[in-house]
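If you want the building blocks of each chain, they are given just below.
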Amino acid sequence: SGLVVCFGEMLIDFVPTESGVSLAEAPGFLKAAGGAPANVAIAVKRLGGRSAFVGKLGDDEFGRMLAGILEENGVSTVGVNFDKGARTALAYVTLRSDGEREFMFYRNPGADMLLTPEELNLDLLKSAKIFHFGSISLIVDPCRSAHIKAMEVARESGALLSYDVNLRELLWPSKEEARKQILSIWDKADIIKISDVELQFLTGSDKIDDESAMSLWRPTLKLLLVTLGENGCNYYGKSFMGHVDSFRVDQVDTTGAGDSFVGALLGKVVDDQGILEDEKRLREVLRFACACGAITTTKKGAIPSLPTQDQVFSLMKKGC
Ligand code: ATP
(Lines give C-alpha, C1' and ligand atoms only; values in the text may rest on other atoms or scores of the structure.)
Protein backbone atom coordinates (compact mmCIF):
# COMPACT_ATOMS: atom_id res chain seq x y z
CA SER A 1 0.00 0.00 0.00
CA GLY A 2 1.22 3.55 -0.78
CA LEU A 3 2.56 5.81 1.93
CA VAL A 4 0.38 8.60 3.37
CA VAL A 5 2.56 11.29 4.95
CA CYS A 6 0.73 13.59 7.39
CA PHE A 7 2.28 16.95 8.23
CA GLY A 8 1.54 19.27 11.13
CA GLU A 9 0.84 19.44 14.84
CA MET A 10 0.71 16.77 17.48
CA LEU A 11 0.03 17.87 21.02
CA ILE A 12 -1.44 16.93 24.36
CA ASP A 13 -5.16 17.50 24.82
CA PHE A 14 -6.33 17.88 28.40
CA VAL A 15 -9.94 16.78 28.57
CA PRO A 16 -12.19 17.21 31.65
CA THR A 17 -12.84 14.09 33.71
CA GLU A 18 -16.52 15.12 33.70
CA SER A 19 -18.43 15.89 30.52
CA GLY A 20 -20.55 18.94 29.82
CA VAL A 21 -18.56 21.37 31.95
CA SER A 22 -16.70 24.56 31.09
CA LEU A 23 -12.92 24.61 31.46
CA ALA A 24 -13.26 26.65 34.63
CA GLU A 25 -15.77 24.22 36.17
CA ALA A 26 -13.83 21.06 35.28
CA PRO A 27 -12.78 19.24 38.46
CA GLY A 28 -9.79 17.63 36.73
CA PHE A 29 -8.30 16.75 33.37
CA LEU A 30 -7.08 13.61 31.65
CA LYS A 31 -4.36 13.78 29.07
CA ALA A 32 -4.93 12.49 25.55
CA ALA A 33 -2.90 12.64 22.36
CA GLY A 34 -4.25 15.24 19.96
CA GLY A 35 -3.50 17.00 16.70
CA ALA A 36 -5.52 16.33 13.58
CA PRO A 37 -2.67 15.33 11.21
CA ALA A 38 -1.38 12.80 13.74
CA ASN A 39 -4.89 11.38 14.14
CA VAL A 40 -5.18 11.00 10.37
CA ALA A 41 -1.88 9.10 10.25
CA ILE A 42 -3.12 6.68 12.91
CA ALA A 43 -6.51 6.36 11.20
CA VAL A 44 -4.82 5.30 7.93
CA LYS A 45 -2.67 2.71 9.66
CA ARG A 46 -5.48 1.26 11.77
CA LEU A 47 -7.44 0.56 8.60
CA GLY A 48 -4.50 -1.41 7.20
CA GLY A 49 -2.54 1.28 5.32
CA ARG A 50 0.92 2.79 5.70
CA SER A 51 1.56 6.23 7.14
CA ALA A 52 4.15 8.59 8.56
CA PHE A 53 3.87 11.74 10.66
CA VAL A 54 6.04 14.82 10.09
CA GLY A 55 6.25 17.45 12.80
CA LYS A 56 8.06 18.66 15.88
CA LEU A 57 7.59 17.72 19.51
CA GLY A 58 9.21 19.02 22.67
CA ASP A 59 12.23 17.08 23.90
CA ASP A 60 10.27 16.37 27.07
CA GLU A 61 8.21 13.58 28.60
CA PHE A 62 5.07 14.56 26.71
CA GLY A 63 6.92 14.73 23.39
CA ARG A 64 8.41 11.29 23.90
CA MET A 65 5.04 9.98 25.02
CA LEU A 66 3.43 11.23 21.78
CA ALA A 67 6.18 9.75 19.60
CA GLY A 68 5.65 6.49 21.49
CA ILE A 69 1.93 6.57 20.69
CA LEU A 70 2.69 6.98 16.98
CA GLU A 71 5.11 4.06 17.11
CA GLU A 72 2.76 1.81 19.09
CA ASN A 73 0.21 2.48 16.41
CA GLY A 74 2.58 1.60 13.58
CA VAL A 75 3.03 5.14 12.25
CA SER A 76 6.56 5.94 11.04
CA THR A 77 8.32 8.61 13.13
CA VAL A 78 11.37 9.10 10.89
CA GLY A 79 10.03 12.58 10.10
CA VAL A 80 9.55 13.59 13.74
CA ASN A 81 11.93 16.16 15.24
CA PHE A 82 12.40 17.17 18.88
CA ASP A 83 13.00 20.75 19.99
CA LYS A 84 15.50 21.23 22.81
CA GLY A 85 14.00 24.53 23.95
CA ALA A 86 10.25 24.61 23.48
CA ARG A 87 7.72 22.35 25.16
CA THR A 88 5.25 20.02 23.52
CA ALA A 89 2.10 22.10 22.97
CA LEU A 90 -0.90 21.67 25.28
CA ALA A 91 -4.57 22.29 24.63
CA TYR A 92 -7.32 22.21 27.22
CA VAL A 93 -10.49 21.17 25.43
CA THR A 94 -14.04 20.79 26.69
CA LEU A 95 -17.41 20.12 25.18
CA ARG A 96 -19.74 22.38 27.14
CA SER A 97 -23.36 21.45 27.83
CA ASP A 98 -24.48 23.80 25.03
CA GLY A 99 -22.55 21.62 22.57
CA GLU A 100 -19.85 24.22 21.90
CA ARG A 101 -16.23 23.18 22.05
CA GLU A 102 -14.05 25.42 24.18
CA PHE A 103 -10.27 25.50 23.72
CA MET A 104 -7.40 26.98 25.68
CA PHE A 105 -3.95 26.60 24.13
CA TYR A 106 -0.55 26.60 25.83
CA ARG A 107 1.74 27.09 22.91
CA ASN A 108 3.95 30.13 23.05
CA PRO A 109 5.66 28.82 21.22
CA GLY A 110 4.88 25.11 21.15
CA ALA A 111 7.52 22.84 19.69
CA ASP A 112 5.22 22.15 16.70
CA MET A 113 5.56 25.78 15.57
CA LEU A 114 9.36 25.58 15.43
CA LEU A 115 9.86 22.98 12.72
CA THR A 116 12.23 24.50 10.14
CA PRO A 117 12.50 23.77 6.40
CA GLU A 118 16.08 22.49 7.00
CA GLU A 119 14.83 19.85 9.42
CA LEU A 120 12.51 18.20 6.90
CA ASN A 121 13.29 14.61 6.00
CA LEU A 122 13.28 15.01 2.22
CA ASP A 123 13.57 11.29 1.45
CA LEU A 124 10.42 10.66 3.45
CA LEU A 125 8.53 13.45 1.67
CA LYS A 126 9.69 12.14 -1.72
CA SER A 127 8.34 8.69 -0.91
CA ALA A 128 4.83 10.00 -0.12
CA LYS A 129 2.00 8.91 -2.41
CA ILE A 130 -0.28 11.30 -0.52
CA PHE A 131 0.87 14.35 1.43
CA HIS A 132 -1.78 15.49 3.90
CA PHE A 133 -1.86 18.71 5.95
CA GLY A 134 -4.06 21.19 7.78
CA SER A 135 -3.95 24.95 8.34
CA ILE A 136 -2.56 25.28 11.88
CA SER A 137 0.96 24.82 10.52
CA LEU A 138 0.43 27.89 8.31
CA ILE A 139 -0.02 30.32 11.19
CA VAL A 140 3.58 31.20 12.05
CA ASP A 141 7.13 30.75 10.86
CA PRO A 142 9.30 28.76 10.76
CA CYS A 143 6.66 26.03 10.64
CA ARG A 144 4.85 27.84 7.85
CA SER A 145 7.96 27.81 5.63
CA ALA A 146 8.50 24.14 6.45
CA HIS A 147 4.88 23.45 5.47
CA ILE A 148 5.23 25.24 2.12
CA LYS A 149 8.52 23.53 1.32
CA ALA A 150 7.21 20.09 2.29
CA MET A 151 4.20 20.57 -0.01
CA GLU A 152 6.51 21.51 -2.88
CA VAL A 153 8.87 18.57 -2.35
CA ALA A 154 6.00 16.09 -2.13
CA ARG A 155 4.26 17.57 -5.16
CA GLU A 156 7.43 17.48 -7.28
CA SER A 157 7.80 13.79 -6.48
CA GLY A 158 4.29 13.14 -7.72
CA ALA A 159 2.32 12.97 -4.46
CA LEU A 160 -1.35 13.81 -4.30
CA LEU A 161 -1.94 16.74 -1.91
CA SER A 162 -4.74 16.55 0.68
CA TYR A 163 -5.88 19.50 2.81
CA ASP A 164 -8.21 19.35 5.81
CA VAL A 165 -8.66 22.95 6.93
CA ASN A 166 -9.34 22.13 10.58
CA LEU A 167 -9.88 25.76 11.57
CA ARG A 168 -8.85 26.84 15.06
CA GLU A 169 -9.89 30.47 15.09
CA LEU A 170 -8.26 31.19 18.46
CA LEU A 171 -4.79 30.52 17.10
CA TRP A 172 -5.01 33.18 14.37
CA PRO A 173 -4.41 36.90 14.89
CA SER A 174 -7.77 37.70 13.25
CA LYS A 175 -10.61 36.15 11.25
CA GLU A 176 -9.50 37.98 8.12
CA GLU A 177 -5.94 36.70 8.42
CA ALA A 178 -7.20 33.16 8.99
CA ARG A 179 -9.41 33.28 5.90
CA LYS A 180 -6.66 34.81 3.77
CA GLN A 181 -3.93 32.36 4.79
CA ILE A 182 -6.18 29.30 4.67
CA LEU A 183 -7.19 30.21 1.12
CA SER A 184 -3.62 31.11 0.10
CA ILE A 185 -2.79 27.42 -0.51
CA TRP A 186 -6.24 26.50 -1.87
CA ASP A 187 -4.94 25.96 -5.39
CA LYS A 188 -2.11 23.69 -4.19
CA ALA A 189 -4.37 20.84 -3.05
CA ASP A 190 -5.94 18.01 -5.04
CA ILE A 191 -8.37 17.05 -2.27
CA ILE A 192 -9.85 19.52 0.20
CA LYS A 193 -12.08 18.63 3.13
CA ILE A 194 -13.93 21.26 5.14
CA SER A 195 -16.76 21.01 7.67
CA ASP A 196 -20.08 22.83 7.37
CA VAL A 197 -18.86 25.40 9.91
CA GLU A 198 -15.65 25.98 7.95
CA LEU A 199 -17.66 26.44 4.75
CA GLN A 200 -19.60 29.23 6.47
CA PHE A 201 -16.43 30.76 7.83
CA LEU A 202 -14.59 30.74 4.51
CA THR A 203 -17.47 32.03 2.40
CA GLY A 204 -18.76 34.47 5.00
CA SER A 205 -22.29 33.22 4.34
CA ASP A 206 -24.73 31.22 6.54
CA LYS A 207 -25.53 28.90 3.67
CA ILE A 208 -24.31 25.31 3.49
CA ASP A 209 -25.64 24.61 -0.01
CA ASP A 210 -24.04 23.56 -3.31
CA GLU A 211 -23.74 27.11 -4.57
CA SER A 212 -21.82 28.16 -1.51
CA ALA A 213 -19.51 25.11 -1.71
CA MET A 214 -18.93 25.63 -5.44
CA SER A 215 -17.68 29.14 -4.72
CA LEU A 216 -14.68 27.34 -3.18
CA TRP A 217 -14.18 25.10 -6.22
CA ARG A 218 -10.98 25.55 -8.25
CA PRO A 219 -10.01 23.89 -11.55
CA THR A 220 -6.87 22.65 -9.75
CA LEU A 221 -9.05 20.48 -7.47
CA LYS A 222 -9.92 16.83 -7.93
CA LEU A 223 -12.32 16.59 -4.99
CA LEU A 224 -13.93 19.00 -2.51
CA LEU A 225 -15.73 17.54 0.50
CA VAL A 226 -18.02 19.23 3.00
CA THR A 227 -18.70 17.13 6.09
CA LEU A 228 -22.02 17.60 7.85
CA GLY A 229 -21.64 15.72 11.17
CA GLU A 230 -24.43 13.16 11.61
CA ASN A 231 -25.80 14.16 8.21
CA GLY A 232 -22.86 12.70 6.27
CA CYS A 233 -21.13 14.70 3.57
CA ASN A 234 -21.45 16.52 0.26
CA TYR A 235 -18.90 15.90 -2.48
CA TYR A 236 -17.87 17.98 -5.50
CA GLY A 237 -15.74 16.42 -8.25
CA LYS A 238 -14.67 17.57 -11.70
CA SER A 239 -17.79 16.23 -13.38
CA PHE A 240 -20.25 15.37 -10.62
CA MET A 241 -21.54 16.38 -7.21
CA GLY A 242 -23.77 14.72 -4.64
CA HIS A 243 -24.50 13.71 -1.07
CA VAL A 244 -23.73 10.62 1.01
CA ASP A 245 -25.52 9.83 4.27
CA SER A 246 -23.76 8.67 7.40
CA PHE A 247 -24.84 5.90 9.78
CA ARG A 248 -26.96 6.23 12.87
CA VAL A 249 -24.92 5.70 16.04
CA ASP A 250 -25.04 6.73 19.68
CA GLN A 251 -22.77 9.74 19.73
CA VAL A 252 -20.58 10.14 22.83
CA ASP A 253 -17.71 12.41 21.70
CA THR A 254 -17.21 13.71 18.14
CA THR A 255 -13.48 14.40 18.60
CA GLY A 256 -11.59 12.89 15.68
CA ALA A 257 -14.64 12.09 13.51
CA GLY A 258 -13.34 14.32 10.73
CA ASP A 259 -9.83 12.86 10.99
CA SER A 260 -11.22 9.33 10.88
CA PHE A 261 -13.27 10.25 7.79
CA VAL A 262 -10.22 11.73 6.04
CA GLY A 263 -7.94 8.82 7.00
CA ALA A 264 -10.44 6.36 5.55
CA LEU A 265 -10.69 8.29 2.29
CA LEU A 266 -6.92 8.70 1.89
CA GLY A 267 -6.29 5.04 2.70
CA LYS A 268 -8.44 4.08 -0.29
CA VAL A 269 -7.33 6.81 -2.71
CA VAL A 270 -3.61 6.20 -2.09
CA ASP A 271 -3.76 2.93 -3.99
CA ASP A 272 -6.35 3.92 -6.57
CA GLN A 273 -6.60 7.55 -7.67
CA GLY A 274 -9.19 6.53 -10.25
CA ILE A 275 -11.72 6.73 -7.39
CA LEU A 276 -11.60 10.53 -7.68
CA GLU A 277 -13.01 10.42 -11.21
CA ASP A 278 -15.50 7.59 -10.82
CA GLU A 279 -18.59 8.76 -8.96
CA LYS A 280 -19.97 5.30 -8.24
CA ARG A 281 -16.76 4.11 -6.61
CA LEU A 282 -16.23 7.44 -4.89
CA ARG A 283 -19.67 7.12 -3.28
CA GLU A 284 -18.75 3.67 -1.94
CA VAL A 285 -15.53 5.06 -0.48
CA LEU A 286 -17.34 8.04 1.08
CA ARG A 287 -19.92 5.72 2.60
CA PHE A 288 -17.02 3.77 4.12
CA ALA A 289 -15.46 7.04 5.35
CA CYS A 290 -18.78 8.11 6.90
CA ALA A 291 -18.94 4.78 8.75
CA CYS A 292 -15.45 5.47 10.10
CA GLY A 293 -16.47 8.96 11.22
CA ALA A 294 -19.63 7.60 12.84
CA ILE A 295 -17.76 4.90 14.78
CA THR A 296 -15.26 7.49 16.02
CA THR A 297 -18.09 9.42 17.73
CA THR A 298 -19.17 6.40 19.80
CA LYS A 299 -16.25 6.49 22.26
CA LYS A 300 -14.39 9.19 24.18
CA GLY A 301 -11.21 10.55 22.62
CA ALA A 302 -9.96 10.43 19.05
CA ILE A 303 -7.25 7.78 18.88
CA PRO A 304 -8.98 5.10 21.00
CA SER A 305 -12.07 5.32 18.82
CA LEU A 306 -10.48 5.20 15.34
CA PRO A 307 -11.83 2.00 13.78
CA THR A 308 -10.34 -1.13 12.24
CA GLN A 309 -11.68 -2.48 8.91
CA ASP A 310 -13.65 -5.17 10.75
CA GLN A 311 -15.49 -2.62 12.88
CA VAL A 312 -16.36 -0.60 9.78
CA PHE A 313 -17.62 -3.62 7.86
CA SER A 314 -19.80 -4.70 10.75
CA LEU A 315 -21.43 -1.23 11.00
CA MET A 316 -21.92 -1.16 7.22
CA LYS A 317 -23.52 -4.62 7.29
CA LYS A 318 -25.90 -3.48 10.01
CA GLY A 319 -26.85 -0.57 7.74
CA CYS A 320 -28.97 2.52 8.57
P1 ATP B 1 -14.11 16.96 14.15
O2 ATP B 1 -13.56 18.36 14.01
O3 ATP B 1 -15.09 16.78 15.27
O4 ATP B 1 -13.07 15.89 14.11
P5 ATP B 1 -15.35 17.52 11.58
O6 ATP B 1 -16.21 18.68 11.95
O7 ATP B 1 -14.15 17.71 10.77
O8 ATP B 1 -14.99 16.66 12.87
P9 ATP B 1 -17.72 15.98 11.13
O10 ATP B 1 -18.58 16.54 10.07
O11 ATP B 1 -18.11 16.18 12.55
O12 ATP B 1 -16.23 16.46 10.83
O13 ATP B 1 -17.59 14.42 10.95
C14 ATP B 1 -16.96 13.78 9.85
C15 ATP B 1 -17.83 12.65 9.35
O16 ATP B 1 -18.06 11.71 10.40
C17 ATP B 1 -19.22 13.11 8.90
O18 ATP B 1 -19.17 13.46 7.53
C19 ATP B 1 -20.04 11.87 9.16
O20 ATP B 1 -19.93 10.97 8.08
C21 ATP B 1 -19.39 11.24 10.38
N22 ATP B 1 -20.09 11.65 11.60
C23 ATP B 1 -19.76 12.66 12.44
N24 ATP B 1 -20.63 12.76 13.48
C25 ATP B 1 -21.54 11.77 13.29
C26 ATP B 1 -22.69 11.32 14.02
N27 ATP B 1 -23.11 11.90 15.14
N28 ATP B 1 -23.38 10.26 13.51
C29 ATP B 1 -22.99 9.66 12.37
N30 ATP B 1 -21.93 10.03 11.65
C31 ATP B 1 -21.19 11.06 12.10
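For clarity, every value in this text was computed on a predicted model and none was experimentally measured. (Residues numbered from 1 in each chain as written. Predicted model: local features only at pLDDT ≥ 70, side-chain atom pairs only at ≥ 80, totals over all residues. Heavy atoms only, no water.)

(A) Inspection of unusual backbone geometry at higher detail. Following N108, the chain continues into P109 via a peptide bond in cis, with omega recorded as -10 degrees. With respect to the element layout, P109 can be found in the loop between β7 (101-106) and α3 (122-126). Residue P142 is reached from D141 by a cis peptide bond, and omega for that bond is 5 degrees. Within the secondary structure, P142 sits in the loop between β8 (130-133) and α4 (143-156). One non-glycine residue, N166, adopts positive backbone phi at about 50 degrees. By secondary structure assignment, the location of N166 is in the loop between β9 (160-164) and α5 (175-184). (Helix = DSSP H or I, 4+ residues; strand = E, 2+ residues; numbered from the N terminus.)

(B) The sheet that holds β7, seen in detail. If you walk across this open sheet you meet the 4 strands as β3-β2-β6-β7, and the pairing is mixed. Sheet topology places β3 (29-34) and β7 at the edges, where each strand pairs with a single neighbour. Mean inter-strand twist for the sheet, computed between neighbouring axes without regard to direction, equals 25 degrees. Against the sheet, helix α2 (residues 61-72) touches β2 (11-16), β3 and β6 (90-95), its axis set at about 95 degrees to β2. (Pairing = 2+ DSSP bridges. Axes fitted to C-alpha atoms, helices over the stretch in contact; angles between N-to-C directions. Contact = heavy atoms within 4.5 Å.)

(C) Expanded view of empty space enclosed by the protein. Summed over all chains, the structure comprises 1 cavity of 30 Å³ or more. Forming the walls of the largest cavity are E9, A36, P37, H132, F133, G134, S135, I136, D164, V165 and N166. Only α1 (36-46) and β8 provide two or more residues apiece to the lining of the largest cavity. Class assignment for the residues of the lining of the largest cavity results in 5 nonpolar, 4 polar and 2 charged. (1 Å grid on protein atoms, 1.4 Å probe; cavity = no way out; pocket = protein on both sides within 12 Å on 5 of 7 lines; lining within 4 Å. Points joined across faces, edges and corners; volume = space filled by probe spheres on them. Nonpolar A, V, L, I, M, F, W, Y, C, P; charged D, E, K, R; others polar.)

(D) Quick look at the site of the ligand. In the vicinity of the ligand lie 21 residues, with K193, G229, G232, S246 and Q251 positioned nearest. Within the side chain of Q251, an N or O atom sits 2.5 Å from a nitrogen atom of the ligand. Take T254: an N or O atom from its main chain is 3.2 Å from an oxygen atom of the ligand. Expressed as a share of its isolated accessible area of 620 Å², the protein-covered part of the ligand is 90%. Sorting the residues of the shell around the ligand by element identifies β10 (191-195), α8 (257-269) and α9 (279-296) as the ones contributing at least two each. Per-class residue counts for the shell around the ligand are 7 nonpolar, 11 polar and 3 charged. (Near = heavy atom within 4 Å. Polar contact = N/O pair within 3.5 Å; in protein donor to acceptor, adjacent residues only side chain to side chain. Areas by Shrake-Rupley, 256 points an atom, 1.4 Å probe, with all protein chains shown as cover.)

(E) Structural detail: the packing of aromatic side chains. On inspection of all chains with the given rule, the structure shows 11 aromatic pairs. The interplanar angle of 40 degrees and the centroid separation of 5.7 Å between the aromatic rings of F131 and F133 together place this pair among those described as tilted. For the pair formed by F131 and F133, the shared burial category is buried. Seen in terms of ring centroids, Y163 and W186 are 5.6 Å apart; in terms of plane orientation they differ by 70 degrees. Their pairing is edge-to-face. (Phe/Tyr/Trp six-rings, centres within 6.5 Å; stacked < 30°, edge-to-face > 60°. Buried < 20%, exposed > 50% of the residue type's maximum accessible area, 1.4 Å probe, protein only.)

(F) Up close: the pattern of salt bridges. On inspection of all chains with the given rule, the structure shows 15 salt bridges. One salt bridge connects R281 with D272, and the closest N-O pair in it is separated by 2.1 Å. Put simply, K280 and E284 hold a salt bridge, and the shortest N to O gap is 3.7 Å. Of this pair, K280 and E284 both sit in helix α9, 4 residues apart, which is roughly one turn of that helix. Under the relative-accessibility criterion, K280 is labelled exposed at 60%. Residues joined by salt bridges that share partners form a network here, namely K56, D83 and E119. (Salt bridge = Lys/Arg side-chain N within 4 Å of Asp/Glu carboxyl O.)

(G) Layout of the sheet that holds strand β12 (residues 233-237). Spatial strand order, β5-β4-β1-β8-β9-β10-β11-β12-β13: 9 strands in an open sheet with mixed pairing. Of all the strands in the sheet, just β5 (76-83) and β13 (241-244) have a single pairing partner and so form its edges. Put simply, the sheet's adjacent strands are angled 15 degrees from each other on average, direction ignored. Of the strand pairs in this sheet, β9 and β10 are connected by 3 bridges, and their pairing is parallel. If you follow Y163 over to β10, its bridge partner there is I192.

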